[in-house]
Each structure stands twice: as C-alpha cells, then as structure tokens.
Amino acid sequence: MDNQENGLGLENKGTVREAQVDRKTNETNIQLAFAVDGTGQSVIETDVPFLNHMLDLFTKHGQFDLNVQARGDIDIDDHHTVEDIGICLGQTLREALGDKRGIKRYASVFVPMDEALAQVIIDVSNRPHFEYRAEYPSQQVGSFSTELVHEFLWKLALEARITLHVIVHYGQNTHHMIEAIFKALGRALDEATMIDPRVTGVPSTKGVL
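Residues numbered from 1 in each chain as written. Predicted model: local features only at pLDDT ≥ 70, side-chain atom pairs only at ≥ 80, totals over all residues. Heavy atoms only, no water.

Focus on the nonpolar core
Counting residues in each nonpolar core, the largest one holds 61 residues, and the members touching the most others are Leu32, Phe152, Leu153, Leu164 and Ile181. Ranked by residue count, the leading element in this core is helix α4 (residues 174-193), at 10 residues. Here Leu164 is in contact with Val120, Ile121, Ile122, His129, Phe130, Glu131, Leu153, Ala157 and Leu185, once residues within four sequence places are set aside. (Core = buried A, V, L, I, M, F, W, Y, C linked by side-chain atoms within 4.5 Å. Buried < 20%, exposed > 50% of the residue type's maximum accessible area, 1.4 Å probe, protein only. Helix = DSSP H or I, 4+ residues; strand = E, 2+ residues; numbered from the N terminus. Contact = heavy atoms within 4.5 Å.)

If you want it as structure tokens, here you go:
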C-alpha cells in the first residue's frame, strides 16, 4: 500500500497479554485492541457487517477480548477495510505474545458447521507463511466478496508472523464454510497461545522464536 501510517501505538502491559493499535491511512481509520487472555467479549463496529459477524465468532471461540472501531472507503469496496483490520489484528497479536515464553506454539483444530468442515493449523513460529485451500460455491455472501477471506487471513499471518494453514475440506453453503474457518481460527489460536507449565523458556530448540 502507498499510504502513510500515522499514530501507530502498540502496548504490551507486562505479563498481561494484550495490545492495541491505531492505524490511519487515506483509505481507513482503525482502532483495535486485542487481549489473548480474555473472556470472549467483543465490541466490533466496522463498515463490513459480515466481517463483524466473523470477528465476533473468532473472539468467542478463542476466548479473547477484541475491540474494533473501523471506518474505510467502502464506497470503493470492502477490500481496504478488511485488509487493514487483518493487519491490525496481526500486529496486536504479535505484540501481545511478546517473547512467546511458555506457549504451546502449535495447534490443529477441526470445526464443523452443519455440512461444512474446516481445519486451521497454526505454528506461532515468527516465520510468516500462509497456505489456503478453499473453494466456495458462491463468490459473494450478501455484499461480502469471498476473496477477502484470503486477504484477511494472509495479512493476519504476515503481521503476526505465524505459520497459518487453512483448509475447507468440504461444504455446500458458503456462509457455513467461512464461519467454520473463523471458529476454527479462534480455537486454534487459543490453543497455540496457551501457557504450558511444562515449557521452560520458548518451545524451540533454537532458544528463540
């Protein structure tokens, strides 16, 4: 993107795993706060109703806390808003996890949604990589373009510096298929970021993530 970022502020409050970011460009204006160790509470106000629904599911199933206030150039389309929220969420996740001491690091979660089945595999690796296997019956869910699911997830993985694999094994209803992804994403990220009392330092033979 060619636009400038202003007012970027990330916060990591000691052992409390949370962070916040303000991102303002010529295309979007976003304030986002994220807590890893939450209670599943969300306050989400964006110009993209379907994304609001998906982020609410992600938060609830991951037992995170998420507050998003976002406005964007939706008169053009939803792309910049969805992309930039993915960027902000990834940045806060990375900041909130700090040096990643004691985390489980890996997770693999299957979630069914009626006829659909999605799988999300995560490695909190500090190596951003994204693999995506999903074919939808429809290119739209309401006014939401399904190609933006890829855009959101890729920017989340890139900014959080995680390895993220997303597979939709099958399904007939596009809404169900995407919903299963976001539920699985929340549950997998929750598991991967859990503190394991057996882990000394970081879970890597390198000694650093």
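Notes on the pairing of strand β5 (residues 106-113)
Burial along β5 is one-sided: the residues Ala107, Val109, Val111 and Met113 are buried and none of Tyr106, Ser108, Phe110 and Pro112 is. Bridge count for β5 against strand β6 (residues 116-123) is 8 bridges, and the pairing is antiparallel. Considered in β6, the bridge of Val109 is made with Val120. Between β5 and β6, which pair antiparallel one after the other, the connecting turn spans 2 residues, and Asp114 there sits at a positive phi close to 55°. (Pairing = 2+ DSSP bridges.)

Observations concerning the sheet that holds strand β4 (residues 65-72)
One open sheet holds the 4 strands; their spatial order is β1-β2-β4-β3, and the pairing between them is mixed. Across the chains shown, the open sheet's two edge strands, defined by having one partner strand only, are β1 (18-24) and β3 (41-45). When the angles between neighbouring strand axes are averaged without regard to direction, this sheet yields 5°. Relative to β3, helix α1 (residues 49-62) is tilted by about 165°, and along the sheet it contacts β2 (28-35), β3 and β4. Packing of helix α2 (residues 79-97) onto the sheet brings it into contact with β1, β2 and β4, and relative to β2 it is tilted by some 35°. (Axes fitted to C-alpha atoms, helices over the stretch in contact; angles between N-to-C directions.)

Some remarks on the sheet that holds strand β10 (residues 163-170)
Strand order in the open sheet made by the 4 strands is β5-β6-β10-β7, with mixed pairing throughout. Two strands bound the open sheet, and with one partner strand each, they are β5 and β7 (129-133). Averaged over all adjacent pairs, the angle separating strand axes in this sheet is 10°, with direction ignored. Along the sheet face, helix α3 (residues 147-160) touches β7 and β10 and points at about 155° away from the line of β7. The sheet strands contacting α4 are β5, β6, β7 and β10, and the helix crosses β5 at an angle near 150°.

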